[in-house]
Amino acid sequence: MTLLPTGGPALAGLLAPLLPPLVTAVDTFHDSAEPFLFPEEEALVARAVAKRRHEFTTVRHCARTALASYGRPPAPILPGTGGAPRWPDGMVGSLTHCDGYRAAAVAENTTVASLGIDAEPAEPLNDEGSLNLVTLPAERAALRELTAHRPDVPWDRLLFSAKESVYKAWSPLTGRWLGFQDAHITLRPDGTFAAALLVPGTTTAGPPLTGFDGRWQVREGLALTVVTVPPRGGTGPA
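Residues numbered from 1 in each chain as written. Predicted model: local features only at pLDDT ≥ 70, side-chain atom pairs only at ≥ 80, totals over all residues. Heavy atoms only, no water.

**Brief notes about the nonpolar core**
Next up, step 1: Among the nonpolar cores identified, the biggest contains 27 residues, and Trp155, Val166, Ile185, Leu187, Phe193 and Phe212 are the most heavily contacted of them.
Next up, step 2: Of all elements in the fold, only α4 (137-149), α5 (155-174), β6 (183-187), β7 (192-201), β8 (209-219) and β9 (222-229) reach the threshold of two or more residues within this core.
Next up, step 3: Here Ile185 is in contact with Glu139, Leu159, Ala162, Lys163, Val166, Phe193, Ala194 and Ala195, once residues within four sequence places are set aside.
Next up, step 4: If you look at the next biggest cluster of nonpolar residues, it comprises 19 residues, including Leu14, Leu18, Ala105 and Val226. (Core = buried A, V, L, I, M, F, W, Y, C linked by side-chain atoms within 4.5 Å. Buried < 20%, exposed > 50% of the residue type's maximum accessible area, 1.4 Å probe, protein only. Helix = DSSP H or I, 4+ residues; strand = E, 2+ residues; numbered from the N terminus. Contact = heavy atoms within 4.5 Å.)

**Re the packing of aromatic side chains**
Next up, step 1: According to the stated counting rule, one finds 5 aromatic pairs in the structure shown.
Next up, step 2: With a centroid separation of 5.0 Å and an interplanar angle of 75°, the aromatic rings of Phe36 and Phe38 are classed as edge-to-face.
Next up, step 3: Ring centres 5.0 Å apart and planes at 55° place the aromatic pair Tyr167 and Trp177 in the tilted group. Pair noted here: Tyr167 is in helix α5 and Trp177 is in the loop between α5 and β6, with a separation of 10 residues, a long-range link. (Phe/Tyr/Trp six-rings, centres within 6.5 Å; stacked < 30°, edge-to-face > 60°.)

**Some points on α5**
Next up, step 1: Compared with the 28 Å implied by 1.5 Å per residue over 20 residues, the 28 Å span of α5 between its first and last C-alpha is a close match.
Next up, step 2: Within α5, 18 of the 20 residues are buried, leaving the element largely enclosed by the surrounding structure. (Expected span 1.5 Å × (residues − 1).)

**Brief notes about unusual backbone geometry**
Next up, step 1: Phi at Asn126 takes a positive value of approximately 55°, unusual for a residue other than glycine.
Next up, step 2: By the secondary structure assignment, Asn126 is in the loop between β5 (114-121) and α3 (128-134).

**What to know about the environment of Leu143**
Next up, step 1: Among the structural elements, Leu143 can be located in helix α4.
Next up, step 2: Take Leu143: its relative accessible area is 7%, and that puts it in the buried class.
Next up, step 3: Leu143 sits 11 residues away from Pro154 along the chain, and the two C-alpha atoms are 9.5 Å apart.
Next up, step 4: Not counting residues within four places of it along the chain, the set of residues in contact with Leu143 comprises Leu131, Trp155, Asp156, Leu159 and Leu187.

Structure follows, in structure tokens:
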């Protein structure tokens, strides 16, 4: 997949089937034709290579487009604790980018407590060392069964993506790091997954977390996963 030089973001886009109606998603297969960064953002990528600047700029363009649908004016989107983006007061969100794709999802914090989205190339990891690093033994056993049942799905890549989405949903709620082996992911062929936390899920506010529910799909050459946490510390889709 190759990025084209022009083209605007699409409201909802590929993520729409995975997200509840109260979440606004914007994605694009094209880098912004008229990139804009606030000075605070520009300082973060002043010495970055062109590829990093493009993905950083375009994913923020997607985020500002999504925020505008809630009447929010353009504002810097800067990294906070653990590198997670800091959102305007009253909003939650998540960003993702991979080769040829950028996306953002946002919602009001009265309807969604936290979001995690991730996009990866829909290709197998093809690296046993990396697979062992990011998975638990039980997860690897489940991957073998899933692959035998549906060899057309890049299950190992989906598992990696699901862990990324889980971390993005976890971080704003806890302010802490979550390692790849700190959550057990159960992928289901019906397009859903569950994450059971293996570490204490103490949050900065609200009841402790025990896990997350998510959704996945493989489409347009991408493995996509999302986690949507409802308010008041629930774990199901909002």
